[in-house]
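Each chain, written out:
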Amino acid sequence: MKRHPIFIIAALLLSSAVFAQQPVKLVVVISLDQFPYEYISKYRTYFTHGGFNYLLNNGANFVDCRYLHAATNTGPGHAVIMSGSYGNANGIVDNLWFDRSTGSMAYCVEDRTVSMVGTDSGEGRSPKNFSTATLGDQMKIHTNFQSKVISVSNKDRSAILMGGKLADASYWTVDSLYVTSSYYRQDLPKWVESFNESGRYRSYFGKAWNLLLSEEEYKKHGIDDGIGESNHLGSRFPHVVDGGNSEELTGAYSYALLASPYGVEILMEFAQEAVKNEQLGQRGVTDLLCLGVSSTDYVGHAYGPQSWEVMDLTIRMDRFLEEFFSFLDSTVGLENCIVVLTSDHGVGPIPEALRHANPNMPAGRITRQQLLGPAKEALEKRHGPLTSTGGWTLGESSRNIYLNDQALNEKGIDREPTATFMKQEISKLPFVAAAFTAAELSRNAVSGDLAEACLFSFHPERSGDVVVVLRPYYIFGDPRYTSGASHGSPYSYDSHVPLLLSGPGISPGTYYDRTSPADIAPTIAALLGVEMPP
């Protein structure tokens, strides 16, 4: 595959903000899940001095940072941040893909050879499917495994894919517990057990999420309970965090907590405990802490980017960052820390809100039947109905469509011309921007920006036989639901994210050069004087 010219020069552009190497005690990489760059510019007037503004005023702000891949989802995004590579190299082509060897969908961090530690719930998790290394891995090797690498998040895929293969531990939440897997260790440290036993998670039961600022400030940016917003936690402020059951704790409470600012509050407390108990940045060697904030994604999906909920959480996130930076300053000294803030992806507007503004606006939710139905009918018309198989496709994951080998064998037809035919039929649909076959992508026989984005997300062993890109403002959606926002496209609203860096070796300023989150790992490696991830 040819390398995108922007990707080749991006690291050089980013290095223009780098001075000579200086001693660094701790590297902190913060990923705000589903956090487009525009949230910073849109709500900056409400920020305090020590949160986002600490990075904006004392660090480098790259205002044109964009993912180059099509798979703007959580797994692929977090895999890029710390490896400097995309799915074509690291294998994380999406959160899920169809595994032909097992005949079932594969989750990006699943690993049935390991078990969960700290809970009896769920299957094992590890970076087994991650094909390359991370900055943390290189730091461990460089210091003869003296550096500590700790990664924490609410989502397993966020923590694991940022932490890498040699992390001392990656922690994530299952229900009300912080857990890990036997890939890293056989039991939880005492400090994690103590945190879980403290009842911190349960202490928010029944607590209301109220607006932080006066209602008049939010009215400047829209209305509460806007078109297409979900009502999972109630459609208007205040939101009561009880999971819909005010009498007792249920599984829905855990989701309700994470879909509120209190999920962030607990995560930041856990991160502080990690710094204190693991002595990160306090041991005479450079350590790494990766922090994946997932609540921004839960709230964004439910209420959309124009909502009061997103605005309020963004402003509260600023206060959480201020408190965390103050903690780092008193514990390690911010002058000894490199701090990076970015996101795994952005988010698009709610389609129903666009259509409400103008019914003629091309936007909507597309079902799998709408996407594949006409192509399957055309295949049946051409080759006749199938008799002994489950259908023409085995599974679809986001933009990937996988043909059924049994169907091909029954009809005595080859994979490549069948994929080409399906691509041609899908391309006729008014909501499809582009479609490519695996054969085309493998040969790099494609051109254009959408093709380039698909190439960065294409892995021959894991991607589909046909890869589809919807038109702007169309998303895949269940027809039973007509609310909530989503992401997963190569368009700017999904790909444009913050990239803020501060600390030793970083030249403060606002930079307008095109960069990518893939530049983070090699740039920090250069600052630390360690080898870049392969």
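Let me begin by describing the structure that accompanies this report. The model shown is predicted, which means the values in this text are computed figures rather than measured ones.

Analysis parameters
- Residue positions are given per chain, counted from 1 along the sequence in the order it is written.
- Residue-level local features of this predicted model are given only where pLDDT is at least 70; pairs of side-chain atoms are given and counted only at 80 or more, and the full residue set underlies all totals for whole chains, interfaces and linings.
- Heavy atoms throughout the structure, all of them, feed into the side-chain values; hydrogens and water do not.
- To pair, rings of Phe, Tyr and Trp, with the six-membered ring standing in for Trp, must have centres within 6.5 Å; the planes then decide the type, stacked if under 30 degrees apart, edge-to-face if over 60, and tilted in the middle.
- A run of H or I in DSSP becomes a helix once it reaches four residues, and a run of E becomes a strand once it reaches two; helices and strands are each numbered from the N terminus.
- Whether a residue is buried, partly exposed or exposed follows from its accessible area with a 1.4 Å probe, protein chains only, as a fraction of its type maximum: under 20%, in between, or over 50%, in that order.
- What qualifies as a polar contact is a pair of N or O atoms within 3.5 Å, subject to a donor-acceptor requirement within protein and to the restriction that residues adjacent in sequence count only when both atoms come from side chains.
- For two strands to be treated as a pair, DSSP must find no fewer than two bridges joining them.
- Any pair of residues with heavy atoms lying within 4.5 Å of one another is described as a contacting pair.
- To get an axis, a line is fitted to the C-alpha atoms, and for a helix only the part in contact is used. The angle between two axes follows their N-to-C directions and goes from 0 to 180 degrees.
- For this analysis, a nonpolar core means a set of buried residues of the types Ala, Val, Leu, Ile, Met, Phe, Trp, Tyr and Cys, connected via side-chain atoms within 4.5 Å.
- Roughly parallel means an angle under 35 degrees; roughly antiparallel, over 145; roughly perpendicular, 65 to 115; everything else is oblique.
- Helix crossings are classified by the rotation of the near helix relative to the far one: an anticlockwise turn of less than a right angle makes the crossing left-handed, while a clockwise turn makes it right-handed.

The next point concerns the packing of aromatic side chains. Scanning the entire structure with this criterion turns up 25 aromatic pairs. Between Y204 and Y262, the aromatic rings sit 4.8 Å apart at their centres with planes inclined by 20°, giving stacked as the arrangement. Placement of Y204 in the loop between α8 (190–197) and β9 (207–209) and of Y262 in helix α11 (residues 261–277) is noted, with a sequence separation of 58 residues between them. By relative accessible area, which is 8% here, Y262 ends up buried. Between Y218 and W308 the ring centres are 5.7 Å apart and the planes differ by 40°, which places this aromatic pair in the tilted class.

Our next topic: the side chain of R365. In this fold, R365 is placed in strand β13 (residues 364–366). For R365, a relative accessible area of 17% translates into the label buried. For R365, the side chain forms a polar contact with the side chain of E352, separated by 2.7 Å. Separated by 3.2 Å, the side chain of R365 and the backbone oxygen of S483 make a polar contact.

For the rest of this paragraph, the subject is the sheet that holds strand β19 (residues 499–502). Read from one edge of the open sheet, ten strands run β5-β8-β7-β6-β11-β1-β12-β19-β2-β20, paired in mixed fashion. With one partner strand each, in any of the chains shown, β5 (116–117) and β20 (509–511) form the two edges of the open sheet. Pairing geometry for strand β6 (residues 149–153) and strand β11 (residues 287–293), over five bridges, is parallel. Each residue of the ladder has a partner; that of V152, found in β11, is L291. Along the sheet, α8 contacts β7 (169–174) and β8 (177–181); its crossing angle with β8, the most-contacted strand, is approximately 145°.

This next bit is on the nonpolar core. Counting 74 residues, the largest nonpolar core has F52, Y171, F324 and F325 as its most contacted members. Grouped together as the second largest cluster of nonpolar side chains are 54 residues, V80, F98, M116 and L161 included.

Bringing the packing of helix α15 (residues 368–383) against helix α17 (residues 415–427) into the picture now. Their axes nearest at 9 Å, the elements α15 and α17 cross at an angle of 130°. When the axes of α15 and α17 are compared, the pair comes out oblique. The interaxial crossing formed by α15 with α17 has right-handed handedness. Residue-level contacts link L371, L372, A375, A378, L379 and R382 of α15 to T418, F421, M422, E425 and I426 of α17.

It is worth spelling out helix α6 (residues 135–142) at this point. Among the eight residues in α6, six count as buried, and that is most of the element. The inward-facing, buried residues of α6 abut α4 (74–83), β6, α7 (156–163), β11 and α21 (520–528). Where α6 ends, the next residue or the one after it, N144, has phi of about 55°, a positive value.

With that settled, consider unusual backbone geometry. Cis rather than trans, the peptide bond between F237 and P238 has omega equal to -5°. Mapped onto the secondary structure, P238 falls in the loop between α9 (215–219) and β10 (239–241). In this model, N144 sits at a positive phi of 55°, which is unusual for a non-glycine residue. On the secondary structure map, N144 appears in the loop between α6 and β6. Even without being glycine, F145 reaches a positive phi, approximately 70°. Within the fold, F145 resides in the loop between α6 and β6.

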